[in-house]
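# Fold and geometry: a report
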Amino acid sequence: MLQKEYFKMNDLTLIEAIRALREKKFSSVEITKAYLDRIKKINPKINAYLTVCEDEALKAAERADKLRDLPLLGVPFSMKDIYSTEGIRTTAGSKVLDKYIPPYNATVYQKLIDAGAVLLGKTNCDAWGHGASTENSDFGVVKNPWNLEYVAGGSSGGSAAALASDMTIFEIGEDTGGSIRLPSSFCSTFGLKVTYGRVSRYGAIAYASSLDSMGPMGKSVEDLSLILSVIAGKDERDATSSYNKVPDYAAGLKKSIKNLKIGLPREFYGSGLDGEVKDKIEKAVNVLEGQGAEIVDVSIPSTEYGIATYYIIAPSETSSNLARYDGIRFGNGREVFGDEAKRRIMLGTYALSSGYYDEYYLKAQKVRTLVRKDFEKAFTKCDVILAPVSPTPPFKIGEKINDPLSMYLVDVYTVLVNLAGIPSLALPCGFSKTGLPIGMQIIGPQFSESLILNAGYQYEKATNWRKEKPKL
Amino acid sequence: MKIDVVKVAKLANLPLSKEEEEKYAKQLSQILDYMEKLNQADTLGVEATSSVTGLSNVMREDETEVCIPIKKGFYVTKGVFQDE
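Here goes a summary of the coordinates provided. (Residues numbered from 1 in each chain as written. Chains lettered and ligands numbered in written order. Predicted model: local features only at pLDDT ≥ 70, side-chain atom pairs only at ≥ 80, totals over all residues. Heavy atoms only, no water.)

Here we take up the overall build of chain A. Secondary structure assignment for chain A yields 15 helices and 13 strands. A compact globule built from 472 residues would reach a C-alpha radius of gyration of about 23 Å, and chain A, at 21 Å, matches this within 12%. Considering only C-alpha atoms, chain A reaches an extent of 60 × 60 × 45 Å along its principal axes. The buried share of chain A, reckoned over its 472 residues, is 67%. (Helix = DSSP H or I, 4+ residues; strand = E, 2+ residues; numbered from the N terminus. Rg over C-alpha atoms; globule rule 2.2 N^0.38 Å. Buried < 20%, exposed > 50% of the residue type's maximum accessible area, 1.4 Å probe, protein only.)

What follows is the structure, given as structure tokens:
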């Protein structure tokens with residue numbers, strides 16, 4: 001097949017790929033090969049993939065070509081390397097697990113292969129999900145496809161970079177404090193942080209269990225909606241997964257957003273926000289107003305406590321979750337943990353230790369209640385909230401890595417959403433003067449995924465930022 | 001220094017080098033200084049949040065199911081570690 005046609009296959013959204021496969025424009029084996037070729041060519045520049053499972057992918061594609069009528073039949077995809085995949089190496093971005101091969105499947109992965117999707121490989125991330133730039137990956141930083149000197153965001157940086165450079169059709173990321181939304185924003189791709197409990201956490205290597213949210217990343221809002229309908233739902237193996245019914249999210253799109261009340265929290269648009277990011281969001285507000293949405297001023301007074309609260313609760317939970325890596329059951333010993341994992345284990349151990357528990361952990365849990373109540377109150381005045389994802393456009397590789405606190409502060413607009421357990425859709429809203437992507441997030445009340453996806457869909461149709469591609 | 005790094009590392013079962021002890025003592029103290037912010041938040045009478053969706057005492061049917069296949073009395077799995 002000609003190289004040119006290969007490129008066309010790499011350019012497709014999930015919806016387009018499904019249609020083309022059903023119309024037999026190409027087979028699953030052909031499109032899978034096109035992606036494997038693209039990975040071979042592009043990945044050495046980007047470092048988005050940690051493991052490419054070529055043999056397994058081709059076998060799965062051959063099988064898919066003989067089957068019919070499955071929602072994602074024959075579509076190649078990839079996953080952040082925190083999902084357990086039977087027989088396929090799973091590292092969580094850490095050398096502690098550099099040779100670990102899980103004996104079972106994460107529920108999300110099982111659902112996707114049951115739906116006929118074909119796993120291409122596992123993507124790079126900050127070790128254990130700890131970070132905002134993938135510079136904390138023990139396997140090297142992911143480079144931003146829009147400018148190789150810049151970070152792709154984190155922790156699901158490999159996921160977003162693989163999407164932006166057309167090395168995959170869709171991705172499953174994981175968001176504990178912004179890990180889906182930040183890289184989506186830095187790479188001009190789409191990502192959904194779901195309501196806590198909407199998608200099963202079973203088989204996903206835990207970072208902070210009261211915050212971890214599994215979610216789709218992709219090339220359009222419609223793609224995310226379709227994936228979410230496949231992966232969402234109650235799982236007996238995750239006691240915190242929700243009994244709420246799973247709607248057909250894709251069918252719920254295309255509603256008018258006339259009279260939709262969009263709240264702008266005044267604390268999010270203060271002096272800490274970069275002028276260019278602010279400008280792009282103001283332009284997005286104009287677009288949404290043009291579509292009939294109504295803009296209202298809201299307040300989240302606890303915004304200033306978000307980072308401190310999150311960076312007590314998340315490290316506390318991670319210090320407990322990572323205690324199991326003791327060199328007995330998973331290979332390498334605790335001296336193999338990287339810098340950031342060690343810092344967070346120490347921070348969490350300290351916050352939970354006798355004499356400090358009330359001052360740090362319990363206090364943070366109480367402030368978490370304030371955050372939840374602030375959002376509940378805001379949602380009595382508006383239907384959804386529009387916010388920046390990151391205070392700045394992508395930063396340079398190496399810029400923040402020696403100053404952990406400055407890296408934590410990148411998460412100022414994302415962690416509140418995890419603390420409240422509510423959903424948020426990150427989507428592209430333009431580019432900086434230097435050509436770096438800028439994103440925004442649409443936040444809704446618990447289990448309002450349909451609402452925020454629809455609002456994002458309307459904005460995407462009116463702007464088409466997704467058609468922009470990096471030159472590689 | 002706010003934090004006794006040697007003690008915390010022992011609690012966390014983390015072997016640290018002398019250089020790491022010094023580096024983390026400095027970095028973690030700086031981070032803990034930032035956390036002081038929380039003292040300004042008024043949480044009098046506020047309950048702690050440990051779970052956001054309100055689920056509690058979630059049970060499933062008390063029935064067994066095949067988790068990992070058993071052959072000749074042994075659990076059968078693929079190798080967990082790659083060859084050295």
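Resuming the write-up.
This part covers the overall build of chain B. Looking only at helices and strands, chain B has two helices and two strands in total. For chain B, the succession of helices and strands along the chain, N to C, is α-α-β-β. For chain B, the spread of C-alpha atoms along the principal axes amounts to about 60 × 45 × 20 Å. In chain B, which comprises 84 residues, the share counted as buried stands at 29%. When the 11 basic and 15 acidic side-chain charges of chain B are each reduced to a single mean position, those positions are 5 Å apart. (Lys, Arg positive; Asp, Glu negative; His and termini not counted. Charge placed at Lys NZ, Arg CZ, Asp CG, Glu CD.)

Right, let's talk about the pattern of salt bridges for a bit. This model, assessed by the stated rule, comprises 20 salt bridges over all chains. The partner of Lys23 of chain B in a salt bridge is Asp339 of chain A, with the nearest N and O atoms 2.8 Å apart. With Lys23 of chain B in helix α2 (residues 18-35) and Asp339 of chain A in helix α11 (residues 339-352), this pair bridges two chains. Salt-bridge contacts for Lys342 of chain A lead to Glu20 of chain B; the nearest nitrogen and oxygen are separated by 2.7 Å. (Salt bridge = Lys/Arg side-chain N within 4 Å of Asp/Glu carboxyl O.)

In this assembly, 49 residues from chain B lie in contact with 60 residues from chain A. When the buried area of chain B at its contact with chain A is split by residue, Leu38, Thr49 and Val52 of chain B rank highest and sum to 14% of it. Joining chain B to chain A, the criterion identifies two salt bridges. Summed over the shared surface of chain B and chain A, the number is 14 residue pairs in polar contact (both at pLDDT 80 or more). Counting only elements with at least two residues in the side of chain B that touches chain A, the list comes to α1 (5-11) and α2 of chain B. A per-element tally of the side of chain B that touches chain A places α2 of chain B first, with ten residues. The class makeup of the residues in the side of chain B that touches chain A is 26 nonpolar, 13 polar and ten charged. (Contact = heavy atoms within 4.5 Å. Buried area = accessible area lost by both parts, 1.4 Å probe. Polar contact = N/O pair within 3.5 Å; in protein donor to acceptor, adjacent residues only side chain to side chain. Nonpolar A, V, L, I, M, F, W, Y, C, P; charged D, E, K, R; others polar.)

Residue and element names in this part refer to chain A. Across the eight residues that make up strand β12 (residues 424-431), a large majority, eight, are buried. Note that strand β7 (residues 190-193) and β12 share three bridges and pair antiparallel. When the sheet's bridge partners are listed, Leu192 is paired in β12 with Leu425. Note: β12 against strand β13 (residues 437-443), seven bridges, orientation antiparallel. Counterpart to Leu425 in the pairing with β13 is Ile442. Hairpin connection of β12 to β13: five residues between the antiparallel strands, including Gly435 at a positive phi of 85°. (Pairing = 2+ DSSP bridges.)

Residues and elements named next belong to chain A. The eleven strands are arranged β1-β3-β2-β6-β8-β7-β12-β13-β11-β9-β10 in an open sheet whose pairing can be described as mixed. The open sheet has two edge strands, β1 (49-52) and β10 (294-298), and neither has a second partner. Within this sheet the neighbouring strands show an average axis-to-axis angle of 30°, counted without direction. (Axes fitted to C-alpha atoms, helices over the stretch in contact; angles between N-to-C directions.)

All names here are of chain A. The first and last C-alpha atoms of helix α4 (residues 54-66) sit 19 Å apart over 13 residues, in line with the 18 Å expected at 1.5 Å per residue. Turning to α4, its buried residues number three or more, namely Ala57, Leu58, Ala60, Ala61 and Ala64. Taken end-on, α4 shows its buried residues confined to a sector of 165°, consistent with a single buried face. Residues of α4 that are exposed and angled more than 90 degrees away from the buried face: Asp55, Lys59, Arg63 and Lys66. (Expected span 1.5 Å × (residues − 1). Arc of directions from axis to C-beta.)

Our focus in this paragraph is the side chain of Ser165 of chain A. All names here are of chain A. Within the fold, Ser165 resides in the loop between α6 (157-164) and β6 (171-175). Owing to a relative accessible area of 0%, Ser165 belongs among the buried residues under this scheme. If we skip the residues at most four places from it in the chain, Ser165 touches Arg38, Ile42, Pro145 and Leu472.

Turning next to a negative patch on the surface. Side chains of Glu236 of chain A together with Glu61, Asp62 and Glu63 of chain B sit close together on the surface and give a patch of like negative charge. The exposure class of Asp62 of chain B is exposed, given its relative accessible area of 79%. (Patch = residues over 30% accessible without salt bridge, like charges linked within 9 Å, V, L, I, M, F, W, Y side chains within 5 Å. Areas by Shrake-Rupley, 256 points an atom, 1.4 Å probe, with all protein chains shown as cover.)

On to helix α12 (residues 358-378) of chain A. Side chains of residues three or four places apart in an α-helix project in the same direction, reflecting 3.6 residues per turn. When the terminal C-alpha atoms of α12 of chain A are compared, their 29 Å separation across 21 residues agrees well with the 30 Å that a helix rising 1.5 Å per residue should span. For α12 of chain A, every residue scored as buried is listed here: Tyr360, Tyr361, Lys363, Ala364, Gln365, Val367, Arg368, Thr369, Val371, Asp374, Phe375 and Ala378 of chain A.

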